[in-house]
Amino acid sequence: MTDLLLDYAKEEWIDGKFKEAYDLASTAKELDPYFLNVDNLCAAYRVDYVVETKKNKVGQTDLYAILGLNPYDPSLTIDTINSTYCKLVKLVHPQLLSSPVAEGALRFITIAWETLTNESTKETYDVRNGLRLPRKNIKRVAHQTGTGSDQEAQVIRVGMKRCRPMEDSSRRICAKRAGYH
């Protein structure tokens with residue numbers, strides 16, 4: 001019975017019906033959890049189902065859902081992401097599971113892991129998808145220049161390379177061209 005359900009799941013997957021394939025594999029797992037590779041196939045079908053159905057606010061595939069993680073969990077760390085990645089890779093690796101669904105699942109899992117374990121790409125992904133606000137690591141300090149009536153407030157970005165005002169840099173460029181500097 002379990003092998004028939006897994007065969008039907010494979011046929012549904014080939015037809016592009018990922019939800020039905022995942023449902024059949026989940027049913028097969030419930031009927032006989034000790035059947036050969038039923039956990040592996042169920043995990044691989046789940047990844048394809050999530051890739052096709054779970055979209056974030058922007059309409060892209062939700063990388064946290066691929067790994068089965070909650071992006072709003074305050075205890076979510078890179079170590080948690082790494083351990084989840086290792087568990088999934090052990091389940092769907094093509095050397096352990098000789099199925100075409102395993103190759104695609106491994107590819108999606110790896111993409112999600114690479115994005116979410118790199119701090120800069122994770123922050124970019126989270127900000128772009130509305131999961132958190134961007135960090136504000138640039139301090140702005142108001143600096144008064146000039147005297148009398150032509151006082152103007154100039155914003156200096158602390159921590160970044162400061163550039164001279166435009167007129168000074170244009171004079172410097174002209175002086176370099178003329179050979180004075």
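About the cut-offs
Residues numbered from 1 in each chain as written. Predicted model: local features only at pLDDT ≥ 70, side-chain atom pairs only at ≥ 80, totals over all residues. Heavy atoms only, no water. Helix = DSSP H or I, 4+ residues; strand = E, 2+ residues; numbered from the N terminus. Buried < 20%, exposed > 50% of the residue type's maximum accessible area, 1.4 Å probe, protein only. Axes fitted to C-alpha atoms, helices over the stretch in contact; angles between N-to-C directions. Parallel < 35°, antiparallel > 145°, perpendicular 65-115°, else oblique. Left-handed = near helix turned anticlockwise from the far one by under 90°. Contact = heavy atoms within 4.5 Å. Nonpolar A, V, L, I, M, F, W, Y, C, P; charged D, E, K, R; others polar. Phe/Tyr/Trp six-rings, centres within 6.5 Å; stacked < 30°, edge-to-face > 60°. Lys NZ or Arg CZ within 6 Å of the ring centre and 35° of its normal. Expected span 1.5 Å × (residues − 1). Arc of directions from axis to C-beta. Core = buried A, V, L, I, M, F, W, Y, C linked by side-chain atoms within 4.5 Å. Patch = residues over 30% accessible without salt bridge, like charges linked within 9 Å, V, L, I, M, F, W, Y side chains within 5 Å. Areas by Shrake-Rupley, 256 points an atom, 1.4 Å probe, with all protein chains shown as cover. Salt bridge = Lys/Arg side-chain N within 4 Å of Asp/Glu carboxyl O. Lys, Arg positive; Asp, Glu negative; His and termini not counted. Charge placed at Lys NZ, Arg CZ, Asp CG, Glu CD. Polar contact = N/O pair within 3.5 Å; in protein donor to acceptor, adjacent residues only side chain to side chain.

Engineer: I'd like to hear about unusual backbone geometry, residue by residue, with values.
Structural biologist: Phi is mostly negative for residues that are not glycine, and the peptide bonds are mostly trans. Of note in this structure, Asn37 is not a glycine but carries a positive phi near 65°. Tracing the backbone through its elements, the reader meets Asn37 in the loop between α2 (18-31) and α3 (38-53). What makes Asn37 partly exposed here is its relative accessible area of 26%.

Engineer: Lay out the packing of helix α1 (residues 2-14) against α2 in plain terms, naming residues and giving numbers.
Structural biologist: Orientation of α1 relative to α2, taken along the N-to-C sense of each, is 165°, at an axis distance of 8 Å. The angle between α1 and α2 places the two elements in the roughly antiparallel class. In this structure, α1 meets α2 at a crossing whose hand is left-handed. Between α1 and α2, the contacting residues are Thr2, Leu5, Leu6, Tyr8, Ala9, Glu12 and Trp13 on the first element and Phe18, Glu20, Ala21, Leu24, Ala25, Thr27, Ala28 and Leu31 on the second. Its residues assigned to classes, the contact of α1 with α2 comprises eleven nonpolar, two polar and two charged.

Engineer: Help me get a handle on the packing of aromatic side chains, residues and values and all.
Structural biologist: For any pair of aromatic rings, the description consists of the separation of the ring centres together with the inter-plane angle of the planes. In this structure the tally under the stated criterion is three aromatic pairs. Measuring from ring centre to ring centre gives 5.4 Å for Tyr22 and Tyr49, while their planes differ by 10°; the resulting arrangement is stacked. Of the two residues, Tyr22 is situated in helix α2 and Tyr49 in helix α3; the sequence distance between them amounts to 27 residues. The side chain of Arg107 reaches across the aromatic face of Phe108, ending 4.8 Å from its centre.

Engineer: Lay out helix α5 (residues 78-92) in plain terms, naming residues and giving numbers.
Structural biologist: The end-to-end C-alpha separation of α5 is 21 Å, in line with the 21 Å expected for 15 residues at 1.5 Å each. Regarding α5, the residues found buried are Ile81, Thr84, Tyr85, Leu88, Val89 and Val92. For α5, the angular spread of the buried residues around the axis is 135°, confining them to a single face. Within α5, the exposed residues directed more than 90 degrees away from the buried face are Asp79, Lys87 and Lys90.

Engineer: Account for the nonpolar core, with residues named and values stated.
Structural biologist: Looking at soluble globular proteins, one finds that nonpolar side chains tend to be buried together. Residues Tyr45, Ile66, Leu67, Val92, Ile109 and Leu116 are the most contacted members of the largest nonpolar core, which totals 39 residues. Of all the elements in the fold, those that place two or more residues in this core are α1, α2, α3, α4 (63-67), α5 and α6 (100-117). Here this core gets ten residues from one element, more than from any other, and that element is α3.

Engineer: Hey, could you go over a negative patch on the surface for me, with residue numbers and the actual values?
Structural biologist: On the surface, a cluster of negative charge is contributed by Asp3, Asp7, Glu11 and Asp15. Mapped onto the secondary structure, Asp3 falls in helix α1. Residue Asp3 is classed as partly exposed on the basis of its relative accessible area, which comes to 39%.

Engineer: Break down the environment of Trp13 for me, with residues and values.
Structural biologist: With respect to the helices, strands and loops of the structure, Trp13 is situated in helix α1. Put simply, Trp13 and Val101 are 88 residues apart on the chain and 8.1 Å apart in space, counted from C-alpha to C-alpha. When residues no more than four places from it in sequence are discounted, the contact partners of Trp13 are Phe18, Ala21, Tyr45, Asp48, Pro100 and Val101. Reaching out from Trp13, the side chain makes a polar contact with the side chain of Asp48 at a distance of 2.5 Å.

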